[in-house]
Amino acid sequence: MSVSALEFSQQLSAHPKSAQERAAILANPGFGDYFTDHTAVIDYKADETGTGIWQNARIEPYGPIAMDPAAAVLHYGQEIFEGLKAYRHADGSVWTFRPEANAARMNLSALRLALPELPEELFMESLRRLVSVDSDWIPEGDGAALYLRPFMIATEAFLGVRPAREVSYRVIASPAGNYFGGELKPVSIWLSTRYARAGIGGTGEAKCGGNYAASLIAQMEGEAHGCKQVLFLDAANDNAVEELGGMNVFFVFKDGSLVTPALSGTILHGVTRSSVIQLGRDRGLDVQERKITLDEWRDGVASGDITEVFACGTAAVITPVGELKTETETIGSADAVAGPVTMSIREQLLGVQTGTVEDTHGWLTRLA
Ligand SMILES: *Cc1c(COP(=O)(O)O)cnc(C)c1O
């Protein structure tokens, strides 16, 4: 890394949105529809030996990216991303949640997608700089935050197949309200049996756009069946539950255990997942990371042994699952209400993030 890369240059937007326009957006931000006035950028360039440096770190006005039509990302999908949030606390300070975990995960994704690792200090500084310049964009209110989307793309113009030697790291930010909109109602989930999102040795553990592209057809199938999210089983086809297209999943048992599928190599290492495991242990639940099959889910709901199911991820935090629909059956009920364990863990997690519950694990980092 070149040390000078830590020094960000800054060019402010000549056409930032007006205060009125911003206020209207912040009153009803939705998810991922609006973006702040600036973006953080750091370029990477390597020589033929693969030795490269990060350089030209900057804050620039938000806007279209000029790219060569032969840029590798447009042809071979060499891309990774991250997602985390910035929260404004009551005293006006701005914090983010476990960003070092996102920095580490982005570097694991980079390794898998043959992209360069980004030093954690640069990742952190890019967030700090962007949030400082766009701090007026942090929405307030229940579950609202500024969603930060760091990503890395291969920009080298070259159609041969090899890792690109020119890469761009960027961060954009989007004010976010409640992910699924409206009140916290249990969601219906579609079980994809025709499509897999990950296979052994594939990219399931990497946070890359390709995984999402591969999940869209299953998502469409789910939507046609009235479901907002899709659950994937493991591709080896032994009926083990893996995760949703973009969220991990947990099962609350009557006996006080909290079960989530073990990280098998094909499941994304969710920061929310890891936090829920810790919060579950803190409150004395018997947290188990293990294989859980569709049969155990069906039988557990029928017998009453499984009392709650929820999905978790940064965007939607914790979302109760009402029912799982498949081609042949429905497990659970669309009329289910959010269970007490789900709601209590959700409140605690949101409380730590927004500064109303004590951060006993040192999960918060101040950005501004
Ligand atoms: C990002 C993501 C998650 C959730 O991870 P968090 O770090 O909790 O936001 C889960 N599954 C997939 C496939 C993801 O891409």
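Along each chain, residue indices are assigned from 1 in the same order as the chain's sequence is written. With the structure being a predicted model, the display of local features is reserved for residues of pLDDT at least 70 and the display and counting of side-chain atom pairs for 80 or more, all residues being used for whole-chain, interface and lining totals. Excluded from the side-chain calculations are hydrogens and water; all other atoms, namely the structure's heavy atoms, are used.

Looking now at the overall build of the protein. Helix and strand labels come from DSSP, where a helix needs a run of H or I of at least four residues and a strand needs a run of E of at least two; each type is numbered from the N terminus. Counting its secondary structure elements, the protein contains 8 helices and 18 strands. A compact globule built from 368 residues would reach a C-alpha radius of gyration of about 21 Å, and the protein, at 21 Å, matches this within 12%. Counting only C-alpha atoms, the protein reaches 60 × 50 × 35 Å along its principal axes. For the protein, with 368 residues in total, the buried portion stands at 50%. When contacts within the protein are restricted to residue pairs at least 6 apart in sequence, those whose partners lie at least 24 apart make up 71%. Of the accessible surface of the protein, which amounts to about 16000 Å², a share of 52% is contributed by carbon and sulfur atoms. By the counting scheme adopted, Arg and Lys are positive, Glu and Asp are negative, and His together with the chain ends is not counted. Positions of charges follow a simple convention, taking NZ of Lys, CZ of Arg, CG of Asp or CD of Glu. In the protein, 30 side chains carry a positive charge and 47 a negative one; their mean positions are 1 Å apart. Using C-alpha atoms as the atom set, the radius of gyration is obtained and then compared with a globule rule of 2.2 Å times the number of residues to the power 0.38. Three exposure classes are used, based on accessible area relative to the maximum for each residue type with a 1.4 Å probe and protein chains only: buried under 20%, partly exposed in between, and exposed over 50%. What makes two residues a contact is simply this: any of their non-hydrogen atoms within 4.5 Å. Where accessible areas are quoted, they stem from the Shrake-Rupley method and a 1.4 Å probe; at the residue level, only the protein chains shown are allowed to cover.

A few words now on the site of the ligand. By convention in this text, a residue qualifies as near a molecule or strand provided that one of its non-hydrogen atoms is within 4 Å of it. In the neighbourhood of the ligand, 15 residues make up the surrounding shell, with Lys 207, Tyr 212, Glu 243, Thr 272 and Thr 314 lying closest. Separating an oxygen atom of the ligand from a side-chain N or O atom of Tyr 212 is a distance of 2.5 Å. With respect to the ligand, the backbone of Val 271 contributes an N or O atom lying 2.7 Å from an oxygen atom. Here the ligand, which alone exposes 380 Å², has 97% of that area covered by the protein. We call two N or O atoms a polar contact when they sit within 3.5 Å, provided that within protein one can donate a hydrogen and the other can accept it, with sequence-adjacent residues counted only if both atoms are side-chain atoms.

Attention shifts here to the packing of aromatic side chains. A pair of aromatic rings is counted whenever rings of Phe, Tyr or Trp (Trp by its six-membered ring) have centres within 6.5 Å, and the orientation is called stacked for planes under 30 degrees apart, edge-to-face for over 60 and tilted otherwise. Scanning all chains against the criterion turns up 9 aromatic pairs. Considering the side-chain rings of Phe 31 and Tyr 147, the 5.1 Å spacing of their centres and the 65° angle between planes classify their relative orientation as edge-to-face. Highlighted residues: Phe 31 in the loop between helix H1 (19-27) and strand S2 (38-46) and Tyr 147 in strand S7 (residues 145-154), separated in sequence by 116 residues. On the basis of relative accessible area, Tyr 147 is assigned to the buried category, the value being 8%. Where Phe 250 meets Phe 310, the ring centres are 5.2 Å apart and the plane angle is 15°; that geometry is what we call stacked. Of the two residues, Phe 250 is situated in strand S12 (residues 248-253) and Phe 310 in strand S15 (residues 306-313); the sequence distance between them amounts to 60 residues.

To continue, consider the domain arrangement of the protein. Throughout the structure description, domain borders are defined by an automatic or database domain assignment. Parsing the protein into structural domains produces domain 1 (3-176) and domain 2 (187-354). Distance between the C-alpha centres of domain 1 and domain 2: 28 Å. Opposite the 20 residues of domain 1 that make contact, domain 2 presents 22 residues. Note on definitions: buried area is the accessible-area loss of two parts on being combined, 1.4 Å probe, summed for both. Carbon and sulfur atoms make up 60% of the surface buried where domain 1 meets domain 2, a total of about 1800 Å² over both sides. The three residues of domain 1 that bury the most area against domain 2 are Phe 81, Phe 97 and Arg 105, which together make up 32% of that side's buried surface. By convention in these notes, a salt bridge is any Lys or Arg side-chain nitrogen within 4 Å of a carboxyl oxygen on Asp or Glu. Taken together, the connections running from domain 1 to domain 2 amount to 0 salt bridges. Run the count over domain 1 and domain 2 and you get 12 residue pairs in polar contact (both at pLDDT 80 or more). Elements that contribute at least two residues to the side of domain 1 that touches domain 2 include exactly strand S4 (79-81), strand S5 (84-88) and helix H3 (99-112). Counting residues per element, the side of domain 1 that touches domain 2 draws most heavily on H3, which supplies 5 residues.

As recorded in UniProt, the feature "modified residue: N6-(pyridoxal phosphate)lysine" (unreviewed entry) lies at Lys 207. Here Lys 207 shows up in the loop between strand S9 (187-192) and helix H5 (209-224). Look past the residues within four positions of Lys 207 in its chain and what remains in contact with it is Ile 80, Phe 81, Glu 82, Gly 83, Arg 105, Ser 109, Tyr 212 and Leu 268. UniProt positions are given in the numbering used here, feature names are shortened, and annotations may be inferred rather than shown by experiment.

What follows deals with the nonpolar core. Only buried residues count toward a nonpolar core. Its members are Ala, Val, Leu, Ile, Met, Phe, Trp, Tyr and Cys residues joined through side-chain atoms within 4.5 Å. In this structure, Trp 54, Leu 118, Phe 123, Leu 148, Met 152 and Tyr 169 are the most contacted members of the largest nonpolar core, which totals 41 residues. Among the secondary structure elements, those contributing two or more residues to this core are H1, S2, strand S3 (52-61), S5, H3, helix H4 (120-133), S7 and strand S8 (166-176). With 6 residues, H4 is the single largest residue contributor to this core. The next biggest cluster of nonpolar side chains, apart from the first, holds 22 residues, and it includes Leu 191, Val 249, Trp 297 and Val 321.

One less than the residue count of a helix, multiplied by 1.5 Å, gives the span that helix is expected to have. With 14 residues, H3 should reach 20 Å at 1.5 Å per residue; the first-to-last C-alpha distance of 20 Å fits that figure. Those residues of H3 lying buried are Pro 99, Asn 102, Ala 103, Arg 105, Met 106, Asn 107, Ser 109 and Ala 110.

Let's shift gears to unusual backbone geometry. In this structure, Asn 56 is a non-glycine residue whose phi angle is positive, near 60°. Secondary-structure assignment places Asn 56 in strand S3. Positive phi is not limited to glycine here, since Arg 98 has a value of about 50°. Inspection of the secondary structure puts Arg 98 in the loop between strand S6 (94-97) and H3. Owing to a relative accessible area of 14%, Arg 98 belongs among the buried residues under this scheme.

Across its 16 residues, H5 extends 23 Å between first and last C-alpha, which sits within 8% of the 22 Å expected from 1.5 Å per residue. Bend is computed residue by residue as the angle between axes fitted to the seven residues ending at the residue and the seven residues starting at it. Remark: the principal bend of H5, roughly 35°, maps to Leu 216. Residues of H5 that are buried make contact with S9 and strand S10 (229-233). Just beyond H5, the residue with positive phi is Gly 226, at close to 75°.

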